[in-house]
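Spelled out, the chains give:
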Amino acid sequence: AELERTAREAVQGLLDSNERTVGTSVEIDHLAGTTVGFEVKCSARVLGYENGEIRFQVEASDGIDRLARGYHRRQVVDALRLRKRIERKASQRPN
C-alpha cells in the first residue's frame, strides 16, 4: 500500500485538476524484512506513459536492505466520472 501511495503522490501534481489515478496492477518482490524502529523509505520512478497508463518502478528500503522492488501501473481517470461511478455502485449496496 505504501508503494502504491508513493507512486500516486509522485504524479498527482502533474495531473489536471479534474484528473486522478487509480491503481491497476502491482508486481512486487519481497526481498528482506525489517524491524520496529527502522524508517522505511519508498520511491517510485516513472518508466513510461501511454494511453493514460503510467508505469512505475517502485522500491522500499530501510537504509540497510532493499526490502521490496517491483512494478506498478496506474490509470489516469476523470475524477467526476469516477466519483459518479462509485456513488452509483454504493447506492446498489445490499442491506
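In what follows, the accompanying structure is described. None of these values were measured; they are calculated from a predicted model.

### Remarks on the overall build of the protein
Here's step 1: Along its length, the protein carries 2 helices and 4 strands.
Here's step 2: Listing the helices and strands of the protein from first to last along the sequence gives α-β-β-β-β-α.
Here's step 3: Computed over its C-alpha atoms, the radius of gyration of the protein comes to 16 Å, more than 25% above the 12 Å expected for a compact globule of 95 residues.
Here's step 4: By principal-axis analysis of the C-alpha atoms, the protein measures approximately 45 × 40 × 20 Å.
Here's step 5: Taken as a whole, the protein presents about 7,100 Å² of accessible surface, with 46% of it coming from carbon and sulfur.
Here's step 6: Of the charged side chains in the protein, 17 are positive and 15 negative, and the gap between their average positions amounts to 7 Å.

### Some thoughts on the pattern of salt bridges
Here's step 1: Summed over the entire model, instances satisfying the criterion amount to 6 salt bridges.
Here's step 2: Close ionic contact of R69 with E59 constitutes a salt bridge, the shortest N to O distance being 3.8 Å. One end of the pair, R69, is in strand β4 (residues 66-78); the other, E59, is in strand β3 (residues 53-61), with 10 residues separating them in the sequence.
Here's step 3: Three or more residues are tied together by salt bridges with common partners; here these are E2, R5 and E9.

### Side note on the sheet that holds β3
Here's step 1: Strands sit in the order β1-β4-β3-β2 across an open sheet of 4 strands; the sheet is antiparallel. The open sheet terminates on both sides in strands that have one partner only, identified here as β1 (19-30) and β2 (41-50). Mean inter-strand twist for the sheet, computed between neighbouring axes without regard to direction, equals 25°.
Here's step 2: Two elements, β2 and β3, share 9 bridges in a ladder whose sense is antiparallel. Residue pairing for β3: E50 is matched across the bridge by E53.
Here's step 3: Along the sheet face, helix α1 (residues 2-12) touches β1, β2, β3 and β4 and points at about 55° away from the line of β2.
Here's step 4: Set on the sheet, helix α2 (residues 79-91) makes contact with β1 and β4; between it and β4 the angle comes to about 95°.

About the cut-offs
- Residues numbered from 1 in each chain as written.
- Predicted model: local features only at pLDDT ≥ 70, side-chain atom pairs only at ≥ 80, totals over all residues.
- Heavy atoms only, no water.
- Helix = DSSP H or I, 4+ residues; strand = E, 2+ residues; numbered from the N terminus.
- Rg over C-alpha atoms; globule rule 2.2 N^0.38 Å.
- Areas by Shrake-Rupley, 256 points an atom, 1.4 Å probe, with all protein chains shown as cover.
- Lys, Arg positive; Asp, Glu negative; His and termini not counted.
- Charge placed at Lys NZ, Arg CZ, Asp CG, Glu CD.
- Salt bridge = Lys/Arg side-chain N within 4 Å of Asp/Glu carboxyl O.
- Pairing = 2+ DSSP bridges.
- Axes fitted to C-alpha atoms, helices over the stretch in contact; angles between N-to-C directions.
- Contact = heavy atoms within 4.5 Å.

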